[in-house]
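# Summary of structural features
So you can see what is in the structure, the chains are spelled out below.
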Amino acid sequence: MELSEKILVLAENFSASAKILTAIGDETRQHLILEMMKMGHCMGVRVGEITEKTNLSRPAVSHHLQIMKDAGIIKVRREGTKNYYYFDPEMEAFEKLILTLQLAMEISKELPDRSGK
C-alpha cells in the first residue's frame, strides 16, 4: 500500500477511534478505569460502589460510565433494577486503537527524516 493510501486509512481509523480517545483522554475517566480495575469484581460493579471510591456524585459517575460504554470500553449487565458495569472482555475498542497507533508508527517511519541530522 502506498504511503498516501496508508495516510487515508489512518485518517479513517482516527475518526473511528474518536470516542475511545475522548473517553480515555479525560483524567476523571482514567481514574474511574483504574478504580474499577482495583476493585477486581469480575461480575461488575454498581454506580454506588464506584461513587464510594471517588469524590464524584452518582450522576457524575453515571455520566462518565455512559461515555465509556459508548466508546466500547465497558459494558453493562442488568439484573432486575440493578446495573453492573464491567470491562468489555474482548477489548475491541482498545484493539482498534492499538492498530491505529501501530499504523501511525509505521507511517512515521516511512516519512523522510526532518530532524536536520
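Above this text is the structure in question.
Criteria and thresholds
Residues numbered from 1 in each chain as written. Predicted model: local features only at pLDDT ≥ 70, side-chain atom pairs only at ≥ 80, totals over all residues. Heavy atoms only, no water. Helix = DSSP H or I, 4+ residues; strand = E, 2+ residues; numbered from the N terminus. Rg over C-alpha atoms; globule rule 2.2 N^0.38 Å. Buried < 20%, exposed > 50% of the residue type's maximum accessible area, 1.4 Å probe, protein only. Areas by Shrake-Rupley, 256 points an atom, 1.4 Å probe, with all protein chains shown as cover. Polar contact = N/O pair within 3.5 Å; in protein donor to acceptor, adjacent residues only side chain to side chain. Contact = heavy atoms within 4.5 Å. Axes fitted to C-alpha atoms, helices over the stretch in contact; angles between N-to-C directions. Parallel < 35°, antiparallel > 145°, perpendicular 65-115°, else oblique. Left-handed = near helix turned anticlockwise from the far one by under 90°. Nonpolar A, V, L, I, M, F, W, Y, C, P; charged D, E, K, R; others polar. Expected span 1.5 Å × (residues − 1). Arc of directions from axis to C-beta. Patch = residues over 30% accessible without salt bridge, like charges linked within 9 Å, V, L, I, M, F, W, Y side chains within 5 Å. Salt bridge = Lys/Arg side-chain N within 4 Å of Asp/Glu carboxyl O.

## What about the overall build of the chain?
The helix and strand inventory of the chain stands at six helices and two strands. Listed by position from the N terminus, the elements making up the chain come as α-α-α-α-α-β-β-α. Radius of gyration (C-alpha) of the chain: 18 Å, far over the 13 Å computed for a compact globule of 117 residues. The dimensions of the chain, computed from C-alpha atoms along their principal axes, are 55 × 30 × 20 Å. The buried share of the chain, reckoned over its 117 residues, is 28%. Approximately 7,900 Å² of the chain is accessible, and the part contributed by carbon and sulfur atoms is 54%.

## Here we look at the side chain of Ser17
Note on placement: Ser17 falls in the loop between helix H1 (3-16) and helix H2 (18-25). Within polar-contact distance, the side chain of Ser17 engages the backbone oxygen of Asn13 at 2.9 Å. Sequence-distant contacts of Ser17, that is, excluding residues within four places in its chain, are made with Leu97 and Thr100.

## Observations regarding the packing of H1 against helix H6 (residues 92-110)
Between H1 and H6, the least distance of the axes is 10 Å, while the angle of their chain directions is 150°. When the interaxial angle is binned, H1 and H6 end up roughly antiparallel. Handedness of the crossing formed by H1 with H6: left-handed. Contacts between H1 and H6 involve Leu3, Lys6, Ile7, Val9, Leu10, Asn13 and Phe14 from the former and Thr100, Leu103, Ala104, Glu106, Ile107 and Glu110 from the latter. Here the residues of the contact of H1 with H6 sort into eight nonpolar, two polar and three charged.

## Points about helix H5 (residues 58-70)
Compared with an ideal rise of 1.5 Å per residue, which puts 13 residues at 18 Å, H5 spans 18 Å between its outermost C-alpha atoms and is within 8% of the ideal. Buried residues of H5: Val61, His64, Leu65 and Met68, and no others. Buried positions in H5, seen along its axis, are confined to an arc of 100° and lie on one side of it.

## Considerations on a nonpolar patch on the surface
Taken together, the side chains of Phe14, Leu21 and Leu101 define a hydrophobic patch exposed on the protein surface, amounting to about 240 Å² of accessible area. Along the polypeptide, Leu21 turns up in helix H2. Judged by relative accessible area, Leu21 falls into the partly exposed class, the value being 36%.

## Thoughts on the pattern of salt bridges
Close approach of charged atoms allows side chains of opposite charge to pair. This model, assessed by the stated rule, comprises five salt bridges. For Lys6, the salt bridge goes to Glu110, with nearest N and O atoms at 2.4 Å. Of the two residues, Lys6 is situated in helix H1 and Glu110 in helix H6; the sequence distance between them amounts to 104 residues. Assessed through its relative accessible area of 11%, Lys6 is described here as buried. In this structure Glu110 comes out as partly exposed when scored by relative accessible area, which is 38%. Linked by salt bridges that have partners in common, Lys6, Glu106 and Glu110 make up one network.

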